[in-house]
Every structure is written in C-alpha cells, then in structure tokens.
Amino acid sequence: MRSLIVVPAYNEAGNVGRLVRAVRSCGLDQDCLVVDDGSSDATALEAKEAGALLVRHPVNLGVGAAEQTGYLFALERGYEAVVRLDADGQHPPAAVSTLLAELESGRADVVVGSRFLEAGGFRSSLPRRLGIKYLCWIIELLCGLKVTDPTSGMRAVNRRVLSLLARAQPEDYPEPESLLWLHRKGFRIREVAVRMAERAGGSSSIGSLGSLYYLVKVTLALVMATLRRAGR
C-alpha cells in the first residue's frame, strides 16, 4: 500500500523539522508531506531542510484546509493511503506502521491512534480528558459510534476515504466531526493503542478558555450535522 504521511503545520518551527527527521530515522518507506498553513516563522524552511515534501498556503486557512490539501496531494499523485501526524511531536512516527497494518488488514477504512486504550504515555490535563470523555459520549449518542479518543489527529485512511476527504472537510477542528460523518457514510472506524508524548515545544492553539469554546463549537457542529442528515 503506497502511503503518504501528511503533517499540517502552523508556526511549528523547532518542532516540524525534528518530526520529519524522526520519520526518516524510523526507516519508514512513506513519503512525508508538510502542509505549511501560512506560517509566519521558519516552519517551511525547517521542513524542507529536513527532507519533507512541502506545500505552502499563502495565508492561514485552518487545520481542516491544511488536511484537505494533503488529501488532494495524495489523491492526485496516486497514493493509496494517508497517515496524518501533528507537527508538534506528540504522535510517535514509530506507530505509523501499526496504523497502516490495521488499515491493510481490511478490517477498517479509518484507523485512529488512541491515547486511552492502554495505560502509559502523555494524556493531557484532567479538564481536557473530561472534555474528551464528553465528546465520546455525544458522538455515541448522536450516531452510535463508540470511540475513546475522538480528538486524536493521528489517523490513517484508505483511498476511498481520502478521495472523500479531498473534496470536503470540517474547517476548524475536524477530528470529532469527521468521525461522525464518516461513520454515517458507512466507513469502518477502528482505534489502535498509541503512546503519545507531550508537545515538543511551543504552545497549543487551544488554551483554557479556548477548550470550553472548542467543546461548544464542536457540539454545535455535531448536532447540526445530525439535524441536516435527519432533514433529508
């Protein structure tokens, strides 16, 4: 299965180069594409010097648009699968092969790396863990899908899914909404255990107040997606 690692990145200088080198040091056969989403720092230069393929947005469009650019790139160049990693170093490149093995087994169309299937690794703060549990609950309530880590950005998708995501993506925080959407379209979603690390450097784009805003916004997006479907 010819696959592409896609790394959306916004102002991740100091992190993205380290991640690309880690991907290469793992001996992975996959190409690595960094989508620089209008960064104002040296993200693009760092990614290129580390040996990644590079696409640049002239302005910041958001993580959903950056992911979609990666899926379009993969679709147009004939890749059969995409593995998405965050640029901040939380997702271990060594686990890429685990996600792809599950995908290649034919048991799933989407494979999500979960922090909560096994003990160990970085799991974020208590308020964020409670927020994740809440999202698990509302996703199961709205569509019947049981997951443990709906905000995880570490995921692998096959050609059928990437073809769909190349045409449409939730804009701001696509992880939970895309799971609901793909489940409703009949795609098989599975999780595998992954031990993640703390952000290698810099700070998250979602602060304390931002986390509450995030939960409200994602909840509204999930409910609206459900209502739109019910009205058809």
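None of the values given here were measured: they were computed from a predicted structure.

Reading guide: rules and limits
Residues numbered from 1 in each chain as written. Predicted model: local features only at pLDDT ≥ 70, side-chain atom pairs only at ≥ 80, totals over all residues. Heavy atoms only, no water. 1 Å grid on protein atoms, 1.4 Å probe; cavity = no way out; pocket = protein on both sides within 12 Å on 5 of 7 lines; lining within 4 Å. Points joined across faces, edges and corners; volume = space filled by probe spheres on them. Helix = DSSP H or I, 4+ residues; strand = E, 2+ residues; numbered from the N terminus. Nonpolar A, V, L, I, M, F, W, Y, C, P; charged D, E, K, R; others polar. Axes fitted to C-alpha atoms, helices over the stretch in contact; angles between N-to-C directions. Parallel < 35°, antiparallel > 145°, perpendicular 65-115°, else oblique. Left-handed = near helix turned anticlockwise from the far one by under 90°. Contact = heavy atoms within 4.5 Å. Expected span 1.5 Å × (residues − 1). Buried < 20%, exposed > 50% of the residue type's maximum accessible area, 1.4 Å probe, protein only. Pairing = 2+ DSSP bridges. Arc of directions from axis to C-beta.

Undergrad: So what about empty space enclosed by the protein? Which residues, and what values?
TA: Taken as a whole and assessed by the stated rule, the structure comprises 1 cavity of 30 Å³ or more. Sorting the residues of the lining of the largest cavity by element identifies α3 (63-76), β6 (155-158) and α7 (174-184) as the ones contributing at least two each. The biggest single contributor to the lining of the largest cavity is α7, with 4 residues. The residue makeup of the lining of the largest cavity, split by class, is 6 nonpolar, 2 polar and 3 charged.

Undergrad: Lay out the packing of helix α5 (residues 126-143) against α7 with the relevant residues and their values.
TA: The interhelical angle for the contact between α5 and α7, taken along N-to-C directions, is 25°, at an axis separation of 11 Å. Regarding the angle of α5 to α7, the classification is roughly parallel. With respect to the hand of their crossing, α5 and α7 are arranged in right-handed fashion. Along the contact surface, α5 presents Leu 135, Ile 139, Leu 142 and Cys 143, while α7 presents Pro 176, Leu 180, His 183 and Arg 184. Residues that form the contact of α5 with α7 fall into these classes: 6 nonpolar, 1 polar and 1 charged.

Undergrad: Break down α3 for me, with residues and values.
TA: Taking 1.5 Å as the rise per residue, α3 with 14 residues should run 20 Å; its terminal C-alpha atoms sit 20 Å apart, in good agreement. Following α3 by one or two positions, Gly 78 has its phi on the positive side, about 80°.

Undergrad: Before we move on, could you go through the pairing of β6 and cite the residues and values that matter?
TA: Taking every second residue as pointing to the same face, both faces of β6 are buried, with Arg 155 and Val 157 on one and Ala 156 and Asn 158 on the other. Of the pairings in the sheet, the one linking strand β4 (residues 81-84) to β6 comprises 4 bridges and is antiparallel in character. The residue bridging Ala 81 from the neighbouring strand is Asn 158, located in β6. Of the strand pairs in this sheet, strand β5 (residues 110-114) and β6 are connected by 3 bridges, and their pairing is antiparallel. Within the sheet, the bridge partner assigned to Val 112 lies in β6 and is Arg 155.

Undergrad: Could you give an account of the sheet that holds β5, naming the residues involved and the relevant values?
TA: With mixed pairing, the 7 strands of this open sheet are ordered in space as β3-β2-β1-β4-β6-β5-β7. The open sheet has two edge strands with one neighbour each: β3 (53-57) and β7 (189-193). Along the sheet, successive strands turn relative to each other by an average axial angle of 20°, direction set aside. Where strand β2 (residues 31-37) lies against β3, 5 bridges are found, and the strand directions are parallel. Counted as the bridge partner of Asp 36 is Arg 56 from β3. Along the sheet face, helix α1 (residues 16-25) touches β1 (3-9) and β2 and points at about 170° away from the line of β2.

Undergrad: Could you give an account of helix α4 (residues 96-104), naming the residues involved and the relevant values?
TA: What α4 keeps buried is the set Val 96, Leu 99, Leu 100, Glu 102 and Leu 103. For α4, the angular spread of buried residues about the axis comes to 160°, placing them on one side. Of the surrounding elements, those touching the buried residues of α4 are β1, β4, β5, β6 and β7.

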